[in-house]
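Each chain, letter by letter, is given below.
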Amino acid sequence: MNDRLAPNALLDPSDTFAERHLGSDAEEQRAMLAALGYGDLEELVAATVPASIRQAEPLRLSGLDDERPLGEHELLERLGQIAAKNRVFRSLIGMGYADCLVPAVIQRNVLENPGWYTPYTPYQAEISQGRLEALLNFQTLVADLTALPVANASLLDEATAAAEAMTMAYNAAKGRRGVFFAAADCHPQTLAVVETRATGLGIEVVVGDPATAELDQRLCGVLLQYPSTDGRLHDLAPVAERARAAGALTIVACDLLALTLLRPPGAFGADVAVGNSQRFGVPLGYGGPHAAFLACDERLKRLLPGRVIGVSKDARGRLAYRMAMQTREQHIRREKATSNICTAQVLLAIMAGMYAVYHGPEGLRRIARRVRLLTRVLAAGLERLGCTLPDGPVFDTLRVELDAERHGTADEVIARAHTRRINLRRLGAGALGITLDERSDRHEVEALWTIVDGYRAPSFNAGQLAVEIGEEPPPAPHARDGEILRHPVFHLYRTEHEMLRYLNRLERRDLSLTTSMIPLGSCTMKLNATSEMLPVSWPAFNALHPFAPVAQATGYRELIRQLETWLCEITGFDAFSFQPNSGAQGEYSGLMTIRAYHRSRGDDARDVCLIPVSAHGTNPASAVMAGLTVVPVACDERGNVDLADVRAKAAAHAPRLAALMITYPSTHGVFEESIREVCDAIHQAGGQVYLDGANLNAQVGLCRPAEYGADVAHLNLHKTFCIPHGGGGPGMGPIGVKSHLAPFLPTHPVIPVGGPQAFGTVAAAPWGSPSILPISWVYIALMGGRGLTDASRLAILHANYVAHRLGGEYKVLYRGERGRVAHELILDLRPFKKSAGVEAEDVAKRLMDYGFHAPTMSFPVPGTLMIEPTESESKAELDRFCDALLAIREEIRAIEDGRLDPVDNPLKNA
Ligand SMILES: Cc1ncc(COP(=O)(O)O)c(C=O)c1O
């Protein structure tokens, strides 16, 4: 019994959260502080975080009472009340999103399973074989259905995948062809993202009808949609042929379910195929997260963005998987990179791949045939009721021209549909779009007839019309020949038992946070608590279509507004955009915001971006995508950004200076004392400061980026704010801005968001991936201002404790002025190469033998390991990890002393 609890406190909830999230208790903290020579946490923080940037008052968050923290259950009840304000209608809006039946075995054992949702990107192949196989299934699925041989392991959404494909086309033409053609019947959000992306790269986008447009030699590529946004199946082969004759690439945005029946893009001349795999068993999620795909012809594979999984052999010659191409390669190329994609949509790609494994080719084709027949039955009935439908074959989407006298206007039909809790797409004053999906059935089709015909019940039913029109394959040239998905994996796991065991077998080959700490520096692999994850599965959050009328998403609006308020209070910014789906996409969005701001002031010439050499590779890659010229800034021997060099470069480029991108605390794991001076120097030269917020976990409650000089920053919600990494995604990279930048925040062509002078659109959905926002909301609500501040303090304590325990045997590369690291530390292993022939990779692999995931290898300094323990690990786990590294140091010493063979030793054989 805890006698210290006052009776009224005893009446408070017994399931408060902070002590579950924070790894070390008061006694363990005292022990660690004593080892470091500090009396309390505040003393340590004062020695770590520069006094010049500390926030003046404790962090308080609106609506949260630190004296009375919420219990997990009452908070979830409160969130349930917010969720209940969302109204979940059947959305037959289409536009790249189709509802589906998530197989329960996949929902429970992948989406809701920390064994699948907590691992990091599979950089360490030895402990990622399960995920790698699952991702290879996804790639095989995409390559097979698109009939293009090389597919990547996901992109952020269909719209950005189309933009990435445009960049491929531009680069394939070596930048010599500056025009890109896009068919007007692509989804509007795809056109918006492509047009925005083109501005940064200086590409001119021409939108038109591909059947009549002149395709000439100025074009690098042509983007087509199959089926089109309003459901039509055009024969695209002649367009592809004309594009080829003009020397341009053909890119086809397509639908994987339709391709089980339709001629694949690779067979009608496409060089690249892109699309959204959401309807393969992933909830709508009000826009995301979902996995987009990109497949291409063999000759373009070197230009492929994102990660590609390949088949290889292990040391004993057995089949093994590994990342064959990865974004890190792009990162190493920095400003020469062709894409900035880093975090992608791995968890969702795994779900989509597993959906295909579960259903197999026959199951998928049955779903597709059913959807197509229902759509044709719907069409036949609508024609009988006086609607006009375009001639030609369809898959799942109809363009319906209404008879004004009989049916009324599109708005009237849409209003009637709302009374039956159905959403339809408005395609004009007298036209509708209707998309059926896996959830559709004969009753829905009959209800649609009744709705369109002014609530009059038709004199026929769906069964009768199905018999009348019969099932027939898509007509030539659209029908697909031959088998699909012949790989054995799509034939082996048809029963639920087999599927369950397959999922479990793969999961057991991987290391996730369910096994041990994952000390990846810069990645913040902290607790992803179960209470945070539960709401992701609630239909009130995950069953909304992204373009459902906003009046149906009142709960979401409240949640997003609240989250924005809290993030503003935490960072000091004035407004946020939730559109970016990753940190790198946040970087790009932030820089585009800065550019729009400069332009609005007539400062068009500002196109130089200063970036320290220690920056993450996505920083220069994003700057180039935003049309900026990168000028590197030096770091000094202590790892700090060289203030003199910043001043010199800012002055030298003053008339053209757009921005500085800086990570704080630095990627070297240090709170630099000079951050204010650095920001001042940029402002004095007329530039803006972009802060890479990947390291916010060391700052919450201690200092605010907007107060010490940042104008805009992205936050990786998948680091600091507990969205799990999902094996390499999903993520969210919202950007916070000061008020002068708010008017330029990104908008959306379907649901207007952002500022009145928005620079454009960066994602397919208005708020990126809303269904994972409840994770961060729950984390913040449960922790409160005090809990979040404690999390930062403990992240710093744990890192310094690890540095202390290892510092005698390993060199800790960089420390702050008072000898302290921030929330992560870099161990320099380069000396061991000379003394024992041991490299960072050997130590990383040996750690796996001790049951740990390796720390981040060779970033930001080659030959080093970067460790980030986070606040969530217990002292016991930290000690276990330090003991493992100390034992490895002994093994290195044995090699150095000649007690172990330099080649045949536990490190080299790890
Ligand atoms: C310092 C830093 N900046 C940017 C990024 C890119 O973020 P994301 O992977 O969410 O695109 C990362 C990711 O690891 C990072 O560590």
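What you see is a predicted model; the values in this text were computed from it and never measured.

### A look at the packing of aromatic side chains
- The tally for this structure, following the rule as stated, stands at 19 aromatic pairs.
- Seen from their ring centres, F573 and F576 are 6.4 Å apart, and the 80° between their planes marks the pair as edge-to-face. F576 matches F573 in its accessibility class, with the two residues each being buried.
- Here the aromatic residues Y286, W538, F541, Y556 and W767 are joined through ring pairs into a cluster of three or more.
- The side chain of R197 reaches across the aromatic face of Y588, ending 5.4 Å from its centre.
- For R384, the ring lying beneath its charged end belongs to F460, and the centroid distance is 5.5 Å.

### Quick word on the sheet that holds strand β20 (residues 712-714)
- Strand order in the open sheet formed by seven strands is β15-β21-β20-β19-β18-β16-β17, with mixed pairing between adjacent strands. Each edge of the open sheet carries a strand with a single partner, namely β15 (575-577) and β17 (629-633). When strand polarity is set aside, the average angle formed by the axes of neighbouring strands in this sheet is 25°.
- Relative to β20, strand β19 (residues 688-692) is paired through three bridges, and the arrangement is parallel. By the bridge assignment for β20, L691 is matched with A713.
- Contacts between helix α23 (residues 583-600) and the sheet are confined to β16 (608-612), β18 (657-663), β19, β20 and β21 (735-737), with β19 contributing the most and set at about 170° to the helix.

### A short note on the site of the ligand
- The full set close to the ligand counts 15 residues, and T343, S522, G583, D692 and H718 are the nearest of them.
- A distance of 2.7 Å separates an oxygen atom of the ligand from a polar atom in the backbone of G583.
- Contact with the protein chains covers 99% of the free accessible surface of the ligand, which is 390 Å².
- It is α23 that contributes the most residues to the shell around the ligand, three residues altogether.
- For the shell around the ligand, the per-class residue count stands at four nonpolar, eight polar and three charged.

### With respect to the pairing of strand β23 (residues 825-828)
- Side chains L825 and L827 project from β23 onto one buried face, and the interleaved I826 and D828 project onto a second face that is buried too.
- Alignment of β23 against strand β25 (residues 864-867), held across four bridges, turns out to be antiparallel. Its bridge partner lying in β25, L827 is registered against L865.

### Some remarks on the domain arrangement of the chain
- The domain architecture assigned to the chain consists of domain 1 (87-278 + 286-517) and domain 2 (784-896).
- Centre-to-centre, using C-alpha coordinates, domain 1 lies 42 Å away from domain 2.
- At the interface, eight residues of domain 1 touch 15 residues of domain 2.
- Summed over both sides, the interface between domain 1 and domain 2 buries roughly 1,000 Å², with carbon and sulfur atoms accounting for 63% of that surface.
- We note a salt bridge from E126 to K845, for which the minimum N-O separation is 2.5 Å.
- Linking domain 1 to domain 2 there are three residue pairs in polar contact (both at pLDDT 80 or more).
- Residue composition of the side of domain 1 that touches domain 2, grouped by class: four nonpolar, two polar and two charged.

Definitions and limits used
- Residues numbered from 1 in each chain as written.
- Predicted model: local features only at pLDDT ≥ 70, side-chain atom pairs only at ≥ 80, totals over all residues.
- Heavy atoms only, no water.
- Phe/Tyr/Trp six-rings, centres within 6.5 Å; stacked < 30°, edge-to-face > 60°.
- Buried < 20%, exposed > 50% of the residue type's maximum accessible area, 1.4 Å probe, protein only.
- Lys NZ or Arg CZ within 6 Å of the ring centre and 35° of its normal.
- Pairing = 2+ DSSP bridges.
- Helix = DSSP H or I, 4+ residues; strand = E, 2+ residues; numbered from the N terminus.
- Axes fitted to C-alpha atoms, helices over the stretch in contact; angles between N-to-C directions.
- Contact = heavy atoms within 4.5 Å.
- Near = heavy atom within 4 Å.
- Polar contact = N/O pair within 3.5 Å; in protein donor to acceptor, adjacent residues only side chain to side chain.
- Areas by Shrake-Rupley, 256 points an atom, 1.4 Å probe, with all protein chains shown as cover.
- Nonpolar A, V, L, I, M, F, W, Y, C, P; charged D, E, K, R; others polar.
- Domains from an automatic or database assignment.
- Buried area = accessible area lost by both parts, 1.4 Å probe.
- Salt bridge = Lys/Arg side-chain N within 4 Å of Asp/Glu carboxyl O.

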